[in-house]
Amino acid sequence: MAKITRPQRATKAAVRSAPEKTVKKAAKNAARTAPKSAAKTAPKSAHKAVVRKPVAKKVVKTPKTAARPARAALNTALKPALKAAKPWTPAEIRDAFSRFAKANPEPKGELEHLNPFTLLVAVVLSAQATDAGVNKATRPLFAVADTPQKMIALGEDRLRDYIKTVGLYRTKAKNVIALSEKLIRDFGGEVPRTRAEIESLPGAGRKTANVVLNMAFGERTMAVDTHVFRVANRTGLAPGKTPLEVELGLENVIPAEFMLHAHHWLILHGRYTCLARKPRCELCLINDLCRWPEKTV
């Protein structure tokens, strides 16, 4: 039978019995003779810990405007208009809206609707979407659901199928069903006639309320969308940093006799003449009154 041998512990004993100076000397020699490439063989985690610091510094030095490019661009674009040479005189404002009225006596909103309820739904759907895109979706929708009761019967899933070409359609479908339920529960199935009540509906804000009050009930309200906001600032008619500031400014300067159609005139002017990127100043009805320093005529 083969003899089994066990490894001896001489090495361990030798280390124990070795003089302390000899051990220290061996350690120093090992450190001196260690290859320079040892750093390259260090664990990846250690390497990552070293290179993280410069990355953190770069993040801290990022300009604040980079996080908010849209707002920075808007402020830059509006800066010349906000520093208009002089405000419009009452006579100039009356002259401007008289020209709008003469050119288009009965301006109409471009959102298609059948009644106050369908108008409300169309305006809710138009947020971050074009009127043309909303109309394309609502024509077949309103043919089958033109009341809160019919909209609820249609259901959220089928409603999504009708409006899936409209931006944010899932959230909007949920809001339309919810506002329909609230109209039935709190307002007898009718669209309310006050701004506060309309704003209490899911998906409806101040602009929505102003559009509905103006178009459905003939109230003299000013709905400020992106076009009205641009025109008011660029022309110097009612400069403001927020839609509410522009809304109140316009209400303060526009003569009462023009207020019923004023927001439609300004919307259409911004949509077809006072364009965002390349204004058509040569066709503008009020180019001689406009305070924009970069106008082309």
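Since the structure is predicted, the reported quantities are computational estimates derived from the model, not experimental observations.

**Q** Residue-level account of the overall build of the protein, with values.
**A** Within the protein, the secondary structure is distributed over 16 helices and 0 strands. Taking all 297 residues of the protein together, the buried fraction comes to 35%. Of the roughly 19000 Å² of accessible surface on the protein, 57% is carried by carbon and sulfur atoms.

**Q** Before we move on, could you go through the side chain of His 227 and cite the residues and values that matter?
**A** Take His 227: it is sitting in helix α14 (residues 226-235). Side chain to side chain, His 227 and Arg 230 meet in a polar contact 3.0 Å long. Residue contacts for His 227: discarding those within four places in its chain leaves Ile 267, Gly 270 and Arg 271.

**Q** Residues and numbers for the packing of aromatic side chains, please.
**A** Per the counting criterion, the structure on display carries 4 aromatic pairs. Ring centres of Phe 97 and Phe 100 lie 5.6 Å apart, and the angle between their planes is 70°; on these two criteria the pair is classed as edge-to-face. Highlighted residues: Phe 97 and Phe 100, both in helix α6 (residues 90-103), separated by 3 residues, approximately one helical turn. You can call Phe 97 buried: its relative accessible area is 0%. Looking at Arg 234, its charged tip hangs above the ring of Trp 292, at a distance of 4.6 Å from the centre.

**Q** Which residues make up helix α13 (residues 206-217), and what are the values?
**A** Taking 1.5 Å per residue as the helical rise, α13 with its 12 residues ought to reach 16 Å, and the 16 Å between its terminal C-alpha atoms agrees with that figure. Three or more residues of α13 are buried, namely Thr 208, Ala 209, Asn 210, Val 211, Val 212, Leu 213, Asn 214 and Phe 217. Those residues of α13 hidden inside the fold are in contact with α7 (116-125), α12 (195-199), α15 (243-253) and α16 (259-272). Positive phi shows up at Gly 218, right after α13, with a value of about 70°.

**Q** Outline the nonpolar core, listing residues and values.
**A** Leu 120, Leu 141, Met 151 and Leu 159 are the most contacted members of the largest nonpolar core, which has 34 residues in total. Secondary-structure elements contributing two or more residues to this core are α7, α8 (131-144), α9 (148-154), α10 (156-163), α11 (169-187) and α13. Sort the elements by how many residues they give to this core and α7 lands first, with 8 residues. Discounting residues that sit within four places of it in the chain, Leu 159 has contacts with Leu 141, Met 151, Leu 154, Ala 173, Val 176 and Ile 177.

**Q** I'd like a description of the confidence of the model for the protein, backed by residues and values.
**A** Where the model shows low pLDDT, its predicted coordinates should not be examined in detail. Here the protein averages 81 in pLDDT, and 71% of its residues register 70 or above. Ignoring residues within four places in sequence, the model shows residues 1-23, a span with pLDDT below 50, making 1 contact including any to other chains. Counting contacts from residues 33-72, a segment whose pLDDT is below 50, to residues more than four positions away or on other chains yields 1 contact.

**Q** Can you break down unusual backbone geometry residue by residue, with the values?
**A** In this structure, Gln 128 takes a positive phi of about 55° despite not being glycine. Counting through the fold element by element, Gln 128 comes out in the loop between α7 and α8. Judged by relative accessible area, which is 74%, Gln 128 ranks as exposed. Although it is not a glycine, Leu 168 sits at a positive phi angle of roughly 60°. Checked against the element boundaries, Leu 168 lands in the loop between α10 and α11.

Calculation notes
Every chain is numbered on its own, with residues counted from 1 as its sequence reads. The predicted nature of this model means local features are confined to residues of pLDDT at least 70 and side-chain atom pairs, given and counted, to a pLDDT of 80 or more, with totals for whole chains, interfaces and linings taken over all residues. Heavy atoms throughout the structure, all of them, feed into the side-chain values; hydrogens and water do not. By definition, any uninterrupted DSSP run of H or I lasting at least four residues is a helix, any uninterrupted run of E lasting at least two residues is a strand, and each is numbered from the N terminus. For each residue, the accessible area found with a 1.4 Å probe, counting protein chains only, is set against the maximum for its type, and the residue is called buried under 20%, exposed over 50%, and partly exposed in between. Calculation of accessible area relied on Shrake-Rupley with a 1.4 Å probe; when residues are assessed, cover is drawn exclusively from the protein chains displayed. Any pair of N or O atoms that falls within 3.5 Å is considered a polar contact. Within protein, one atom must be able to donate a hydrogen and the other to accept it, and sequence-neighbouring residues count only if both atoms are side-chain atoms. Residue contacts follow a heavy-atom distance rule, with two residues in contact if any of their heavy atoms lie within 4.5 Å. Only Phe, Tyr and Trp rings are paired, with Trp represented by its six-membered ring, and only when their centres lie within 6.5 Å; those with planes under 30 degrees apart are stacked, over 60 edge-to-face, the remainder tilted. We count a charge as sitting over a ring when the NZ of a lysine or the CZ of an arginine lies within 6 Å of the ring centre and within 35 degrees of the ring normal. Here the expected length of a helix is defined as 1.5 Å per residue gap, with one fewer gap than residues. Put simply, buried Ala, Val, Leu, Ile, Met, Phe, Trp, Tyr and Cys residues joined by side-chain atoms within 4.5 Å make one nonpolar core. Known as pLDDT, the predictor's confidence for each residue is given on a scale from 0 to 100.

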